[in-house]
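Structural characterization, general
Below, each chain spelled out in residue letters.
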There are 2 protein chains.
Amino acid sequence: MRVLTGNAEVASTDRGLHYGDGLFETLRCQQGELPLIDAHLRRLSRGIERLAIVAVDLASIRSELSLYARHHRDADWIKLILTRGSGTRGYAPPQTTVPNLVLSHGNLPAAPERISVTISDVPLPTQPLLAGIKHLNRLPQVLARQAAADACYEAMMCDADGHIVCGIMSNVFARIDNQLVTPDTSQCGVDGVMREWVCECASVNVRTLTQDDLQRASELLLTNAVRGIVVVDDFEGRPMPAPSDATRDLITRAPVIYRSVA
Amino acid sequence: MRVLTGNAEVASTDRGLHYGDGLFETLRCQQGELPLIDAHLRRLSRGIERLAIVAVDLASIRSELSLYARHHRDADWIKLILTRGSGTRGYAPPQTTVPNLVLSHGNLPAAPERISVTISDVPLPTQPLLAGIKHLNRLPQVLARQAAADACYEAMMCDADGHIVCGIMSNVFARIDNQLVTPDTSQCGVDGVMREWVCECASVNVRTLTQDDLQRASELLLTNAVRGIVVVDDFEGRPMPAPSDATRDLITRAPVIYRSVA
C-alpha cells in the first residue's frame, strides 16, 4: 500500500481514476481525534471485501489516519481514498496491485440558518453488489448536486420506484406516528456511519420510505459522519414542526455535532 | 484544459479520482491514424453536455489526439480520459474548473482462437441520465470482469429485468430470423462507436433482447471501437453456427478489424 498526502499526485494509470475502482471514507476530526474511526474502518473493510481489493492492511490504514489527524488538529474532516492501484488497460484487475491510500483534510463551512431539503429528480441506480459501501462511482450524486438549487442544503434521492433512499451526502430518518423510520440500503444507497449509530441508540424501523410518508412525517433528520444529526427545517418549501424531545436528546448524545437544535 | 501524457501524474484532488467525474474514449490507432475519431468526438461531446463539464475545447482534443497518434504509430489503441478537473471537497463542482485530458496508448493482445462468451450475474444498473455516454463510473464492469472466467473473452450484462444490454467491453448484436437485433441503450449501457457504424451500414432492429432471444440466434456479434466486429464462437458453452455471408461482408467493410472470420 502506498500512502499519499498533501499535494501528492496519483499515477495516471490508477484504476481509481479509470474506473472509480476504489473506496472512500470521510471522518469527523475533533482536536486530532477521530471519534467514529471504528465504524468507518468496518465499512471500509466491507467495501474492500466486496471489490476484492488485495494487499490492504487495515491496521496500517488506522495508524496512518490517526497520525494524519494528530498532524492536522485544526481539521474538521479527514478524507481517505483507497484505490485498487495502477493497472494495465482493461477492466480485469492485474494479479498483483499496490493499493493507493490518499489522505486529505479540511474544515466545515458554517451551518446555514435553516436546513432546506428537497427531493431530487436524479434517480439512484439499484445495484445490490455496490449498495451500502462507499465506492468511488459517484456520478449520480454529482448530477443530483448540480441539479439542486444552491439554497438547498440537501436533496433526497429516490430509487427507480420513487422510494426515498438517502440524501446526496446523508442518510434520511423520518419520524412518523412517533416512530423513527429509515430506508433499507440493501439495493442502493450507503450504510452511513451515523445512520448505524442512530439505529443502535434509538428504536428505528428500517423499511421502504415513500414520498407520501415524508409528507406526513413530524420530523425529518439527516445523518452524516462529519455533521452528525441535522434537523430539517424546510421540506419541499414547507416548514417542519419543532423537533421532539427524543430528537433533541439524540443530537446531544451523538458523538459529532454540526448544528445544534434551536 | 490541461493535457497529461506518458507517465504524467494527476492531482489527488482531481474529481475523476474522487467521484469518477469524467469521461473516456478508447480509439483504434492504425499506423498513426484514428479511423473513427469523428464518432468518438461526437460521443465525447454528448458526455460533456450530459455532465455539464465546462471549458472543454473539442477542437483541441482532436488535435491533441491526432498529434499523439502520429507520435505513437506502433500503438493499436489510444485512450483519453477527460475529467472535470480538481475540486474542493463535496459533490458540487466548483464554479470554475480546469479539465484534465489524460492520453495513453498500448497494443492489443493476440486474438484468442475461439471467442467464448457467457452471461454475467452482475447486473447493469439502470440510469437514463448516464446511459449511452462513456463515463468513468465503471465498477459494474470491473465486478463483472472479476466474476467471469479467464477463458471467457466477454460476458454479456443484463439490466434488472434480465434483458441483455451489452458486453463488459462491447455492444451485442444477435441475428434472429435473419434480422440483426441490438438492445436499446437509452436506460443503461454505452452507445458504442462500432455499434453506431453497424446500425448505419446494415438493417438493424433496435429492441429489447431477452436471454431466450440469444438462445435462438443464429449468430452473435460483439462490437467494440478498438476490435471492430467479433463473431462469437461459443455461447454459454454451446458452439455457434458459422457466420453468414452478410456478417462476413460486414466485417470486411468495417473500418477496424481484430480477428478475421475463419
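Rules used in this analysis
Residues numbered from 1 in each chain as written. Chains lettered and ligands numbered in written order. Predicted model: local features only at pLDDT ≥ 70, side-chain atom pairs only at ≥ 80, totals over all residues. Heavy atoms only, no water. Contact = heavy atoms within 4.5 Å. Buried area = accessible area lost by both parts, 1.4 Å probe. Helix = DSSP H or I, 4+ residues; strand = E, 2+ residues; numbered from the N terminus. Pairing = 2+ DSSP bridges. pLDDT = per-residue confidence, 0-100. Least-squares fit on C-alpha atoms with pLDDT ≥ 70 in both. Polar contact = N/O pair within 3.5 Å; in protein donor to acceptor, adjacent residues only side chain to side chain.

**Quick notes on the interface of chain B and chain A**
On the chain A side, the residues contacting the 50 residues of chain B number 50 residues. Considering only the side of chain B, the residues that lose the most area to chain A are B:L17, B:R89 and B:Y91, jointly responsible for 19% of the buried surface there. Elements that contribute at least two residues to the side of chain B that touches chain A include exactly β2 (9-11), α1 (15-19), β3 (22-28), α2 (37-51), β4 (77-83) and α4 (139-147) of chain B. Bridge count between strand β2 (residues 9-11) of chain A and β2(B): three bridges; the pairing is antiparallel. Within the sheet, the bridge partner assigned to A:A11 lies in β2(B) and is B:E9.

**Focus on the confidence of the model for chain A**
Of all residues in chain A, 100% attain a pLDDT of 70 or more, and the chain-wide mean is 95. Scoring the predicted complex yields pTM 0.97 and, for the interface, ipTM 0.97.

**Topic: the relation of the copies chain B and chain A**
The operation relating the two chain copies consists of a rotation about an axis and a shift along that axis. Overlaying chain B on chain A yields an RMSD of 0.0 Å, the required transformation being a rotation through 180 degrees with an accompanying axial translation of 0.0 Å. The operation mapping one copy onto its partner corresponds to a two-fold rotation axis.

**Here's the deal with the side chain of A:S120**
All names here are of chain A. Looking at the element boundaries, S120 is found in the loop between β6 (116-119) and α4 (139-147). Here V122 takes part through its backbone nitrogen, which lies 3.0 Å from a polar atom of the side chain of S120. Not counting the four nearest positions on each side in its chain, S120 is found in contact with A144, A155, M156 and M157.

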